[in-house]
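Descriptive analysis of the structure
Here is what each chain is made of, one letter per residue.
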Amino acid sequence: MIDMPKLKPTLRQLRVFESVADELSFTRASEKLHLSQPAVSIQVKHLEEGVGLPLFEHTGKRISLTEAGRILYRCSQNIRSVLQDAGEQIDELMGFQRGKLKVTVATTASYFASRILAGFASRFPQIAISLDVTNREGLLEQLESNRCDLVIMGEPPKGKRLKSMPIMENPLVIIASPEHPLAARRNIPVKTLAAQAFVVREPGSGTRAAILRFFEGKNVSIQITMEMTSNEAIKQTVQAGLGLGIVSRHTVELELETGSLVELDVRHFPLLRKWYLVRREDKQMSPVAQHFASYVLDVENH
């Protein structure tokens, strides 16, 4: 009869293993954990004995995770997330309004998300808030790797096991410099835009995808002359008179007020989309995350 290994890792072993996996270095992991390198190696060795398979493979001076290592790393991250959620829920039961909140927002959403987070922080000053701003690809990667509690983004993709709820309107508008020939016109036909140069976001952007779907539905091919990785770059390029842009109205409120940019009066615009609050379907919402979701809905509906 074969004696099968029994996996009974300690939290200390998992913490050491995760550090080595994150750093891909026993030396850097030992420095990060303030342990000696032999102590780190011993913890990993004991863990490997429990698993019954090597967790790292060595290629020269480099190390990388084996398939068993990758499986254990994902499980370890889930265990840590569950323990953190449990700790926050216990704190809540004890009457504390504290904990941690990790929110990641789309670049375009950062213009209003910072205002929402500031109001939430003012109401719950003991909660430590972490905000990350990235593009759509980065948002989906963070959800996939379970590195954030909630995401604020445009409509999430189908088939990703995500839960989402709409929180506010996201009107897409066409912007131009005040000197543009179309700036003073009213009720501009969509077909007129086919002769115009456009500055748009990079491939993969949710805004870009929505724009292209709209024009395709109208049988209009626009001339994309420049691609930008940020809305700030689009605004500056449009202000310089190098083309038209299509952005969320939330990103140009100041420029429209000061007159440095104008919103064109084009038929069928603005394109009405929505902003969503998104999380993983299998992730238990912490009390802090639940508080934030309720706060966002309350703020945006009043």
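Everything discussed here concerns the structure shown above.
Here, residues in each chain are numbered from 1, in the same order as that chain's written sequence. In keeping with the model being predicted, local features are shown solely for residues with a pLDDT of at least 70 and side-chain atom pairs are shown and tallied solely at 80 or more, while totals for entire chains, interfaces and linings include all residues. In computing side-chain properties, one takes all heavy atoms of the structure into account and sets aside hydrogens as well as water.

1. Here we look at the layout of surface pockets
Only protein atoms enter the 1 Å grid, on which a cavity is a set of points fitting a 1.4 Å probe that cannot get out and a pocket is an open set with protein on both sides within 12 Å along at least 5 of 7 lines, lining residues being those with an atom within 4 Å of a point. Grid points are joined across faces, edges and corners, and a volume is the space filled by probe spheres set on the points. Each pocket or cavity is described by its volume, and for the largest pocket that value is around 370 Å³. The wall of the largest pocket is formed by 15 residues, among which Arg80, Ser81, Gln84, Lys102 and Asn146 lie closest to the centre. Counting residues per element, the ones that place at least two in the lining of the largest pocket are helix 4 (67-93) and strand 3 (99-106). Here the lining of the largest pocket takes six residues from helix 4, the largest share from any one element. Residues are sorted three ways: Asp, Glu, Lys and Arg are charged, Ala, Val, Leu, Ile, Met, Phe, Trp, Tyr, Cys and Pro are nonpolar, and all the rest, Gly among them, are polar. Of the residues in the lining of the largest pocket, the class split is one nonpolar, six polar and eight charged. Only runs of H or I of at least four residues qualify as helices and only runs of E of at least two qualify as strands under DSSP, and these elements are numbered from the N terminus.

2. Focus on helix 8 (residues 231-239)
Note on exposure labels: buried denotes an accessible area under 20% of the residue type's maximum, exposed denotes more than 50%, and partly exposed covers the range between, all computed with a 1.4 Å probe on protein chains only. Buried within helix 8 are the following residues: Asn231, Ile234, Lys235, Thr237 and Val238. Burial along helix 8 is one-sided: seen end-on, the buried residues are contained in an arc of 165°. Any two residues whose heavy atoms approach within 4.5 Å are treated as being in contact. Turning to helix 8, the residues buried within the fold contact helix 5 (110-123), strand 6 (162-176), strand 7 (197-201), strand 8 (223-228), strand 9 (244-248) and helix 9 (253-258). Directly beyond the C-terminal end of helix 8, a positive phi value near 80° is found at Gly241. Here, the arc refers to the directions that run from the helix axis to the C-beta atoms.

3. Focus on empty space enclosed by the protein
Taken as a whole and assessed by the stated rule, the structure comprises two cavities of 30 Å³ or more. Computed from the structure, the largest cavity encloses a volume of approximately 170 Å³. Only helix 6 (136-144), helix 7 (206-217) and strand 11 (271-280) provide two or more residues apiece to the lining of the largest cavity. Split by residue class, the lining of the largest cavity holds four nonpolar, nine polar and four charged. In this model, the second largest cavity occupies a volume close to 30 Å³. For the second largest cavity, the full set of lining residues is Asp149, Leu150, Arg279, Lys283, Gln284, Met285, Ser286 and Ala289.

4. Some remarks on the pairing of strand 3
In terms of residue burial, strand 3 counts as a mostly covered element, since six of its eight residues are buried. Strand pairing is defined by DSSP finding a minimum of two bridges between the two strands. Relative to strand 4 (residues 127-134), strand 3 runs parallel, the two being bridged by eight bridges. Looking across to strand 4, one finds that Leu101 is bridged to Ile129. Here is how to tell: hold the view so the strands point away, follow the path from the first strand over the helix to the second, and if it runs clockwise the crossover is right-handed. Crossover strand 3 to strand 4 through helix 5 is right-handed. With three bridges connecting them, strand 3 and strand 5 (residues 150-153) associate as parallel partners. Each bridged residue has a counterpart across the sheet, and for Val105 the counterpart in strand 5 is Ile152.

5. With respect to the side chain of Gln142
With respect to the helices and strands, Gln142 occurs in helix 6. On the basis of relative accessible area, Gln142 is assigned to the buried category, the value being 7%. What qualifies as a polar contact is a pair of N or O atoms within 3.5 Å, subject to a donor-acceptor requirement within protein and to the restriction that residues adjacent in sequence count only when both atoms come from side chains. A distance of 2.7 Å separates polar atoms of two side chains, one belonging to Gln142 and the other to Thr104.

6. Describing the environment of Arg70
With respect to the helices and strands, Arg70 occurs in helix 4. The sequence separation of Arg70 and Phe56 amounts to 14 residues, and the corresponding C-alpha distance is 9.2 Å. Within the structure, the side chain of Arg70 is placed 3.1 Å from the backbone oxygen of Leu65, a separation counted as a polar contact.

7. Description of the environment of Val266
Here Val266 lies in the loop between strand 10 (262-263) and strand 11. Between the C-alpha atom of Val266 and that of Arg123, which follows or precedes it by 143 residues, the distance is 41 Å. The contacts of Val266, once residues within four sequence positions are left out, are Ile174, Ile188, Val190 and Leu193.

8. Section: a nonpolar patch on the surface
Exposure above 30% relative accessible area and no salt bridge define the residues that can form patches, which grow by joining like charges within 9 Å and nonpolar side chains of Val, Leu, Ile, Met, Phe, Trp and Tyr within 5 Å. Areas reported as accessible are Shrake-Rupley estimates using a 1.4 Å probe. Residue values count occlusion only from the protein chains shown. For this document, the term salt bridge refers to a Lys or Arg side-chain nitrogen within 4 Å of an Asp or Glu carboxyl oxygen. On the surface, Leu11, Ile79 and Leu83 cluster together into a nonpolar patch covering about 280 Å² of accessible area. With respect to the element layout, Ile79 can be found in helix 4.

9. As for the nonpolar core
Among the nonpolar cores identified, the biggest contains 32 residues, and Leu101, Ile152 and Phe292 are the most heavily contacted of them. Of all the secondary structure elements, the ones that give two or more residues to this core are strand 3, helix 5, helix 6, strand 5, strand 6, strand 11 and helix 10 (287-300). Once you skip the residues sitting within four places of it in the chain, Ile152 turns out to touch Thr104, Val105, Ala106, Ala109, Phe112, Ala113, Leu139, Ile167, Tyr276 and Leu277. By convention a nonpolar core is built from buried Ala, Val, Leu, Ile, Met, Phe, Trp, Tyr and Cys residues, the set being connected through side-chain atoms within 4.5 Å.

10. Notes on the packing of helix 2 (residues 26-33) against helix 3 (residues 37-51)
Two measures define how a pair of helices packs: the angle their axes make with one another and the distance between the axes. Lines fitted to C-alpha atoms define the axes, with helix axes restricted to the stretch in contact, and inter-axis angles between N-to-C directions lie between 0 and 180 degrees. In contact at an axis separation of 9 Å, helix 2 and helix 3 are set at 105° when each is read in the N-to-C sense. Between helix 2 and helix 3, the angle falls in the class roughly perpendicular. In contact with Phe26, Thr27 and Ser30 of helix 2, helix 3 contributes Gln37, Val40, Ser41 and Val44. The residue inventory of the contact of helix 2 with helix 3, partitioned by class, reads three nonpolar, four polar and no charged. Here the word oblique covers every angle except those under 35 degrees (roughly parallel), over 145 (roughly antiparallel) and from 65 to 115 (roughly perpendicular).

11. Description of helix 2
When we look at burial in helix 2, the residues that qualify are Phe26, Ala29, Ser30 and Leu33. One side of helix 2 holds all its buried residues, which, seen down the axis, span an arc of 100°. Between a side-chain oxygen at the N-terminus of helix 2 and the backbone nitrogen of Thr27 the separation is 3.3 Å; the capping residue is Ser25. The first or second residue beyond helix 2 is His34, which carries a positive phi of 60°.

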